[in-house]
Amino acid sequence: VLLIIYLPVAWLVFSSISTRIEMLAIPPNFFPKNPTLMNYINIFTPGETSSEVSRTFLITMRNSLYVSVTVTIVAITIGSLAAYALARIRFPFRSGVLMGILGTRMIPEVSLVIPLYLLAAKLALTNKPIVLIITYLSFAMPFAIWIMNAFFQDLPPSLEEAAMFDGASRFQAFYRVALPLVT
C-alpha cells in the first residue's frame, strides 16, 4: 500500500531532477543518470530560453499566496466574530442558523462554478483575484464558523463575565479573553 501511495511522489521528485531527454526516453528511466537542479534554477530565475511555465511561475505563486492569505485572514476574522455571537448570544432560530451554515458546507462546490462564473462575467470581474477570494470565502466561512462555534461553546462564559465585571466591553472580553483561549 505504501508503494502505491509513494510511487507517484517518488516519480515527481525523480522527474524534477531529470533532464528533458531522460524524462522523454523510451523506455522511461525511473532513476536519472545525470541528476540536475537546472529545472529548479530555471523556474526561480527564468531566462530568455525558459519555457512559458518558468516565466509565469513566480507571478502565479504570488497571486496564489495573495488569495490564500486574504481568504484565511478574512475567514478567521469574520468567522470568529460570527461564531462567538452564535455561541454566546441567545436569539430565536439560532440553531436553525447554525444548521443553515452547516447546510451551505454540504453544497457540492462544483455545482456553484457556473453560477459564480456568470455572476463574475456580469460584474466584469473575470480574471481578477477578487473572484477567487469571494469564491473561496463562500466555502471557508461556513467551515470557520462551524468549527470555531464549537470551541466558543466549550469555553466557560464565566471567564468573559469576569472580564466584563472588571470593566471590559463584550468585544474586549471576546478579543482579550475568549479568542486567545480558543486559538
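So, here is what we can say about the structure in this document. (Residues numbered from 1 in each chain as written. Predicted model: local features only at pLDDT ≥ 70, side-chain atom pairs only at ≥ 80, totals over all residues. Heavy atoms only, no water.)

1. Focus: the overall build of the protein
A tally of regular secondary structure across the protein gives 9 helices and 0 strands. Ordered by position from N to C terminus, the α and β elements of the protein give α-α-α-α-α-α-α-α-α. Since a compact globule built from 183 residues should have a radius of gyration of about 16 Å, the 24 Å found for the protein marks it as more spread out than a globular shape. Counting the 183 residues in the protein, one finds 22% classified as buried. (Helix = DSSP H or I, 4+ residues; strand = E, 2+ residues; numbered from the N terminus. Rg over C-alpha atoms; globule rule 2.2 N^0.38 Å. Buried < 20%, exposed > 50% of the residue type's maximum accessible area, 1.4 Å probe, protein only.)

2. Quick word on the packing of aromatic side chains
When we look at a pair of aromatic rings, we describe it by the centre distance and by the angle of the planes. Using the criterion set out here, one finds 10 aromatic pairs in the structure. Ring pairing ties together the aromatic residues Tyr84, Phe152, Phe171, Phe174 and Tyr175, which thus form one cluster. (Phe/Tyr/Trp six-rings, centres within 6.5 Å; stacked < 30°, edge-to-face > 60°.)

3. Overview of a nonpolar patch on the surface
Residues Val1, Leu2, Ile5, Tyr6, Val9 and Val13 make up a contiguous nonpolar surface patch of about 640 Å² in total accessible area. Within the element layout of this structure, Tyr6 appears in helix 1 (residues 2–16). (Patch = residues over 30% accessible without salt bridge, like charges linked within 9 Å, V, L, I, M, F, W, Y side chains within 5 Å. Areas by Shrake-Rupley, 256 points an atom, 1.4 Å probe, with all protein chains shown as cover. Salt bridge = Lys/Arg side-chain N within 4 Å of Asp/Glu carboxyl O.)

4. Section: the pattern of salt bridges
Any two side chains of opposite charge can pair, given that their charged atoms come close. Counted according to the given criterion, the structure contains 2 salt bridges. Here Arg88 and Glu160 are joined by a salt bridge, their closest N and O atoms 2.9 Å apart. Pair noted here: Arg88 is in helix 4 (residues 52–88) and Glu160 is in helix 8 (residues 157–165), with a separation of 72 residues, a long-range link. Like Glu160, Arg88 is buried.

5. Concerning the packing of helix 8 against helix 9 (residues 170–182)
The angle between the axes and the distance between the axes are what describe a pair of packed helices. Running from N to C, helix 8 and helix 9 point in directions that differ by 140 degrees, and their axes come no closer than 9 Å. As judged from the angle between their axes, helix 8 and helix 9 are oblique. When you trace helix 8 past helix 9, the crossing you get is right-handed. Of helix 9, the residues touching helix 8 (which contributes Leu159, Glu160, Ala163 and Met164) are Arg170, Ala173, Val177, Ala178 and Leu181. (Axes fitted to C-alpha atoms, helices over the stretch in contact; angles between N-to-C directions. Parallel < 35°, antiparallel > 145°, perpendicular 65-115°, else oblique. Left-handed = near helix turned anticlockwise from the far one by under 90°. Contact = heavy atoms within 4.5 Å.)

6. Digging into helix 1
In a regular helix each residue adds 1.5 Å, so 15 residues correspond to 21 Å; helix 1 covers 21 Å between its end C-alpha atoms and thus fits that length. Helix geometry: helix 1 is bent most strongly at Pro8, by close to 25 degrees. (Expected span 1.5 Å × (residues − 1). Bend = angle between axes of the 7 residues up to and from the residue.)

7. Some words on unusual backbone geometry
Leaving glycine out, the prevailing phi sign among residues is negative, and the prevailing peptide bond configuration is trans. Cis geometry is found at the peptide bond from Ile26 to Pro27, where omega equals 0 degrees. You can see Pro27 is positioned in the loop between helix 2 (20–23) and helix 3 (38–44). Here Phe93, not a glycine, exhibits a phi torsion of approximately 65 degrees, which is positive. The backbone phi angle of Asn127 is positive, close to 65 degrees, even though this residue is not glycine.

8. Some details on the environment of Gly79
Summarising the element assignment, Gly79 is placed in helix 4. Overall, Gly79 belongs to the buried group, its relative accessible area being 0%. The spacing of Gly79 and Ala144 is 65 residues in sequence and 5.4 Å in space, taken between C-alpha atoms.

9. Section: the side chain of Ser80
When you line up the elements, Ser80 lands in helix 4. If we skip the residues at most four places from it in the chain, Ser80 touches Ala75, Met148, Phe152, Phe174 and Leu179.

10. As for the environment of Ile17
Mapped onto the secondary structure, Ile17 falls in the loop between helix 1 and helix 2. Taking C-alpha positions, Ile17 is 5.6 Å from Leu37, a pair spaced 20 residues apart along the chain. Those residues within four positions of Ile17 in sequence are excluded, and the remaining contacts are Pro32, Asn34, Pro35, Thr36, Leu37, Asn39 and Tyr40.

11. Looking at the packing of helix 4 against helix 7 (residues 129–154)
In the contact formed by helix 4 and helix 7, the axes pass within 6 Å of each other and the chain directions differ by 35 degrees. In the crossing of helix 4 with helix 7, the sense of the turn from one axis to the other is right-handed.

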